Amino acid sequence: MSETNIKRLKNSVAFLRVLIGWHFLYEGVTKLFNPDWTSMGYLASAKGPFGWLFSAMANDSIIGVIDVLNWAALIIVGMTLILGIYERLGALIGIVLLAMYYLAHPPFPGIEQINVEGSYWFVNKNLIELAACIVLYRLPTGAHFGLAYIMNKKSKSE
Amino acid sequence: MKWTRREVLKGLGGIPILGSLWWAGSASAITKKKERSEILEQLNIEPSLPTEVPPVTGDAVRVGIIGFGIRGEQLCRSLGFATKEWRADMEEEMKENPQNKALEVFDSQDKLNVVITGVCDVFDYRANRAINSFSTAENKVKRYKTHQEMIRSGVIDAVVIATPDHWHAPMAIDALENNIHVYVEKPMTHTIEETYRLREAARNSKAVLMVGHQHRQTQSFKTAQDIIEKGVLGHVSLIETSTNRNDDNGAWNYDIHPDANENTIDWDMFLGSAPKIPFNKNHFFRWRKWWAYGSGLSGDLLSHDYDRLNCVLNFGIPDSISASGGIYTHRDGRNVPDVLQVNMEFPNFSTGSSQVKGKEKGLTFIYSATLGNGYPRPTVLMGHDGTMELGNSLVIWPEGGSTKFAEFLEEEKMNPGVPIYYYDPGANIPDAISSATSQYFADKGLLWTYLNGKRVDSTWLHMREWLSVLRNGGKVSCGIKEGFEEAMTAHMTGLSWKLGRRIDWDRAKEELIPIEGIDFDQALLESPDLSADHIRV
C-alpha cells in the first residue's frame, strides 16, 4: 500500500475511532448523571438463548454493581477511543459490552424486538459497531491522532 | 523537544472533544432532572405506603368456609390453606413455565392466625377436597349440611361466603344475627330488598362484615386517592372502565366436574330461593350465566370496576343509571347479557376545579363490556388538567388545555404526549400469568399488589385486615357502607338493562325512585328460559 493510501486509511480509522468513542462516552456520561437510570428493565426483559443470564443480572442484590460497571465501562471505552491512548484495551472492552448488548436482545427470528427503530435479521447496529471495534483493535491509530502520538514523540526524543 | 501546531493538534485533539461531550452529556441529564423535580414538586404526589394492621394475636380465628368452588379455594389460599390438588397443578405449571410465581408467592405469604374448622358445600367432591387437604391431627375439618348448622355450631368464629349470589345475603344475615364475622363475595346481595336487610343486620351485629373487593388493598389505588385529593387531574368529567374478555373461562363456561350427578350434589339446597327446575349441571357449575343465581356482568364485573373507582373517588351510588347491550357473543342458553354498556351519572359530584368557581360540576362514569374481544382497554379518568390511566400501575398525562399546568405547557416543560407521573410499585419484577382471565384481573390491580417491592396477593391483605379488625377492633376498608353502594349500583344496572329504562336513585331517601307498575325485585329476579332460542351446550 502506498504511503498516501496508508495515511488515508489511518485518517479514516482514527475518524471511526473518535465517532465510536463519542457514542460510548455520551451514553456513559448521561447515565452517570441520571440518578434514575438503571439497566434493570433492559436486563430483566432479556430474550434469546442467554436471556436467563441477563435476567439473573437484574437481581436486586447485584443490579447496583452492574449499573456502575456499565456506565464506568462505557466511559472508559469512550475516553480511550477519543483520546487515542490504551485504545486497544478500550476497543476490547467495547467488544465485550457490545457482545452483551447484542446477546441480551438478539435480532434472531422468532424473538420479539422491543424499542428498535429498524428491521433486523441476525445483524443489527450493535453487531456492526462490534465489528468496527475489532477494526480499531487491529489498527491502532493513537500514534497517528491521539495522546499516543505525544508519548511516542517524547520517548523518541528521550 | 519542539512542537509544531500540527503536532499538538494531532496529539491533544481528542481532549476538547472529550470535554465538550462530558459537558453536553452532564448538562442534558442535569437539566432533565431539574425539570423533572420541578414537575414532581408541583404535583406533590405521595406514593402510598403499605398499611400496617395490628396482628391477630391470641387463639387462632376459627373459620368456616361456605362454598368451596373456584373462588372459595382462592379465598382459602389467601387464608393460608392450599389444596394438595392445587399444589400439584402449580408444580406441573412451574415445570412448563419457571416464571410462574403463584406457588412461590403462596409459600412466602405470612401466616394469618387462622384455622379452618368447617366446610359447607353442596357438592360432595368439593367438601371432601377441603377436608382432605385442610384437616390436621389436631383439627379435623367438619362438613356441615347447612350454613345454619355451621353458624350455630359454637366452634366457628367467622365465615367466608363464596356461594352463588342468591345465597350471599341469607347466609350473611344469619351469621351476623348470630354475631359470627362474615367475609362475603361480591355482589353483596342478589336483590334490592336483601341489600337493606343485610345493612340492617350488619348495623345491629357485634360481628364484622367485610365485602370481597380486595383491590381496596392495591397500592396504586391508594396513590390514586392522593392524586385526586391534591387536585392533580382537576375536574374529572368522564371515567371509562371496561371488561374485555374472549375466552370460555372469562365467559363463565367453567369445567363441569365428572363426579357431578344428582347423588353427589344437593340440588335443592343449591336452588334455595331460585325457581325449582330439574337437576342441571350446566346451571350448577356455570351459575353466573343466569339471573336466578347470579347477576352476569353487572354484579360480577361492573361491581369490581365501580368499587375500584368508588374507593378512589368516594362518589357513592349514581343518581341514575342507563344500560344497554345484549346476548351477542355466547348464545348458549344464558340469560344475562355478554355485551353491556352502562352510563352512570353523578351530576353533583366534583373532584375539584382549577377554573372559575361553579364552571365545572358533574361526572359520567362509563362501564363498557364485551365477552367477545380481549383487547385490553385501560381504565381512564379524564380531568380538565390531566388524564390518569389506572391499573396495577398508574400513569398521568397533562392535558393540552389545562389551566393548572398552563405555564409548564407554555414553557414546554410539559407535553400532552409525555406522562408527567408514573407509579409502578412492582416495576421490573418479571412475572408470568397463566390464563387470560388472570391477566384481566392482574391488569386491573385486582389480583395482587406489592408490599415493599414483594408481590403479595391483594385478597390476602384484605383477609388480613378483616381478621385484624375482628380481633383488635377498627374499621374495615370494604364494610357495609361500601357493600351497600356496590350492590345497589349493580342492581340498578341489572334493572336498567332488563327494563330498557333509566333507573334513578334518590340520595336523600336512599331508595330507588319508583316506576309505576314495576316491582324492582321481581324484575331483577326474572330469569327467562332462552335455551330453545340458543344453541345447545
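Cut-offs used in this document
Residues numbered from 1 in each chain as written. Chains lettered and ligands numbered in written order. Predicted model: local features only at pLDDT ≥ 70, side-chain atom pairs only at ≥ 80, totals over all residues. Heavy atoms only, no water. Helix = DSSP H or I, 4+ residues; strand = E, 2+ residues; numbered from the N terminus. Buried < 20%, exposed > 50% of the residue type's maximum accessible area, 1.4 Å probe, protein only. Core = buried A, V, L, I, M, F, W, Y, C linked by side-chain atoms within 4.5 Å. Contact = heavy atoms within 4.5 Å. Phe/Tyr/Trp six-rings, centres within 6.5 Å; stacked < 30°, edge-to-face > 60°. Lys NZ or Arg CZ within 6 Å of the ring centre and 35° of its normal. Disulfide = S-S within 2.5 Å. Pairing = 2+ DSSP bridges. Buried area = accessible area lost by both parts, 1.4 Å probe. Salt bridge = Lys/Arg side-chain N within 4 Å of Asp/Glu carboxyl O. Polar contact = N/O pair within 3.5 Å; in protein donor to acceptor, adjacent residues only side chain to side chain. Nonpolar A, V, L, I, M, F, W, Y, C, P; charged D, E, K, R; others polar. Expected span 1.5 Å × (residues − 1). Lys, Arg positive; Asp, Glu negative; His and termini not counted. Domains from an automatic or database assignment.

Describing the overall build of chain B
Thinking step 1. A tally of regular secondary structure across chain B gives 18 helices and 18 strands.
Thinking step 2. In terms of principal-axis extent, the alpha carbons of chain B reach across some 105 × 60 × 50 Å.
Thinking step 3. With 537 residues in all, chain B has 56% of them scored as buried.

Thoughts on the environment of A:Tyr86
Thinking step 1. On the secondary structure map, A:Tyr86 appears in the loop between helix H4 (60–83) and helix H5 (87–104).
Thinking step 2. C-alpha of A:Tyr86 to C-alpha of A:Phe122: the two residues are 36 residues apart in sequence and 31 Å apart in space.

Concerning the nonpolar core
Residues and elements named next belong to chain B.
Thinking step 1. In this structure, Phe-315, Tyr-367, Leu-381 and Ile-396 are the most contacted members of the largest nonpolar core, which totals 63 residues.
Thinking step 2. If one sorts the elements of this core by residue count, helix H13 (residues 296–313) sits on top with eight residues.
Thinking step 3. Those residues in contact with Tyr-367 that sit more than four places away from it in its chain are Thr-241, Ser-242, Thr-243, Leu-297, Leu-301, Leu-302, Asp-305, Leu-340, Gln-341, Val-342 and Met-344.
Thinking step 4. By size, the runner-up hydrophobic cluster in this structure holds 61 residues, among which are Ile-65, Val-160, Met-463 and Leu-470.

Focus: the packing of aromatic side chains
Thinking step 1. In this structure the tally under the stated criterion is 24 aromatic pairs over all chains.
Thinking step 2. Their ring planes at 70° and their centres at 4.8 Å tell us that A:Trp121 and A:Phe122 sit as a pair that is edge-to-face.
Thinking step 3. In this structure an aromatic cluster arises from ring pairing among B:Phe123, B:Tyr125, B:Trp267, B:Phe270, B:Phe279, B:Phe284, B:Phe285 and B:Tyr293.
Thinking step 4. Positioned over the ring face of A:Tyr137 is A:Arg88, at 4.1 Å from the centre of the ring.
Thinking step 5. Of note, B:Lys111 hangs over the ring of B:Phe106, and the distance from its end group to the ring centre comes to 5.6 Å.

Points about unusual backbone geometry
Thinking step 1. With an omega of -15°, the peptide bond running from B:Lys186 to B:Pro187 counts as cis.
Thinking step 2. Phi is positive for B:Trp252, close to 70°, though the residue is something other than glycine.

Brief notes about the state of the cysteines
All names here are of chain B.
Thinking step 1. Enumeration according to the criterion identifies zero disulfides over all chains in this entry.
Thinking step 2. Free of any disulfide, Cys-120 has its nearest cysteine sulfur in Cys-76, 13 Å distant.
Thinking step 3. Given the relative accessible area of 7%, Cys-120 is considered buried.
Thinking step 4. The closest cysteine sulfur to the non-disulfide-bonded Cys-478 is located on Cys-311, 8.6 Å from its own sulfur.
Thinking step 5. Residue class for Cys-478 comes out buried when judged on its relative accessible area of 0%.

Thoughts on the sheet that holds strand S4 (residues 158–161) of chain B
All names here are of chain B.
Thinking step 1. Strand order in the open sheet formed by six strands is S3-S2-S1-S4-S5-S6, with parallel pairing between adjacent strands. The open sheet is flanked by strand S3 (142–143) and strand S6 (209–211), the only strands paired with a single partner.
Thinking step 2. Both strand S5 (residues 181–184) and S6 contribute to a ladder of three bridges, which runs parallel. What sits directly across from Val-182, in S6, is Leu-209.

Comments concerning the interface of chain B and chain A
When the parts of a complex come together, some accessible area is lost, and that lost area is often used as the size of the interface.
Thinking step 1. Between chain B and chain A, the contact holds 24 residues from the first and 27 residues from the second.
Thinking step 2. When chain B packs against chain A, close to 2,400 Å² is buried across both sides, 78% of that on carbon and sulfur atoms.
Thinking step 3. Among the residues of chain B in contact with chain A, B:Lys10, B:Leu21 and B:Trp22 are the three that bury the most area, contributing 27% of the side total.
Thinking step 4. Put simply, chain B and chain A have zero salt bridges between them.
Thinking step 5. At the junction of chain B with chain A, the criterion picks out two residue pairs in polar contact (both at pLDDT 80 or more).
Thinking step 6. Elements supplying a minimum of two residues to the side of chain B that touches chain A: helix H1 (5–12) and helix H2 (14–43) of chain B.
Thinking step 7. Of the residues that constitute the side of chain B that touches chain A, the class distribution is twelve nonpolar, seven polar and five charged.

Digging into helix H1 (residues 3–32) of chain A
Thinking step 1. Given a rise of 1.5 Å per residue, 30 residues ought to cover 44 Å, and the 42 Å separating the end C-alpha atoms of H1(A) matches this to within 8%.
Thinking step 2. Buried within H1(A) are the following residues: A:Val13, A:Ala14, A:Arg17, A:Val18, A:Ile20, A:Gly21, A:Phe24, A:Leu25, A:Gly28, A:Val29, A:Thr30 and A:Lys31.
Thinking step 3. As for H1(A), its buried residues are in contact with H4, H5 and helix H6 (125–138) of chain A together with H2 of chain B.

A look at helix H16 (residues 458–472) of chain B
Residue and element names in this part refer to chain B.
Thinking step 1. Across its 15 residues, H16 extends 21 Å between first and last C-alpha, which sits within 8% of the 21 Å expected from 1.5 Å per residue.
Thinking step 2. Taken across its 15 residues, H16 has 13 buried, putting it largely inside the fold.
Thinking step 3. The positive-phi residue at the C-terminal boundary of H16 is Gly-473, with phi of around 85°.

Some words on the side chain of B:Glu360
Residue and element names in this part refer to chain B.
Thinking step 1. Checked against the element boundaries, Glu-360 lands in the loop between strand S9 (339–346) and strand S10 (363–370).
Thinking step 2. The charged side chain of Glu-360 is buried without a salt bridge, its nearest counter-charge being Lys-359 at 6.0 Å.
Thinking step 3. Side chain to side chain, Glu-360 and Ser-353 meet in a polar contact 2.3 Å long.
Thinking step 4. Looking at Glu-360, its side chain comes within polar contact range of the side chain of Gln-355, at 2.8 Å.
Thinking step 5. Those residues in contact with Glu-360 that lie beyond four places of it in its chain are His-235, Ser-350, Ser-353, Ser-354, Gln-355 and His-384.

Here we look at the domain arrangement of chain B
All names here are of chain B.
Thinking step 1. The domains assigned to chain B are domain 1 (61–216) and domain 2 (219–454 + 481–525).
Thinking step 2. The gap between the C-alpha centroids of domain 1 and domain 2 is 24 Å.
Thinking step 3. Between domain 1 and domain 2, the buried area comes to about 3,900 Å², and carbon and sulfur atoms account for 59% of it.
Thinking step 4. Put simply, domain 1 and domain 2 have three salt bridges between them.
Thinking step 5. The salt bridge involving Arg-199 is made with Glu-510; its shortest N-O contact spans 3.3 Å.
Thinking step 6. Where domain 1 packs against domain 2, one counts 24 residue pairs in polar contact (both at pLDDT 80 or more).
Thinking step 7. Put simply, the parts of the chain that give the side of domain 1 that touches domain 2 at least two residues each are helix H6 (124–134), helix H8 (165–177) and helix H9 (192–204).

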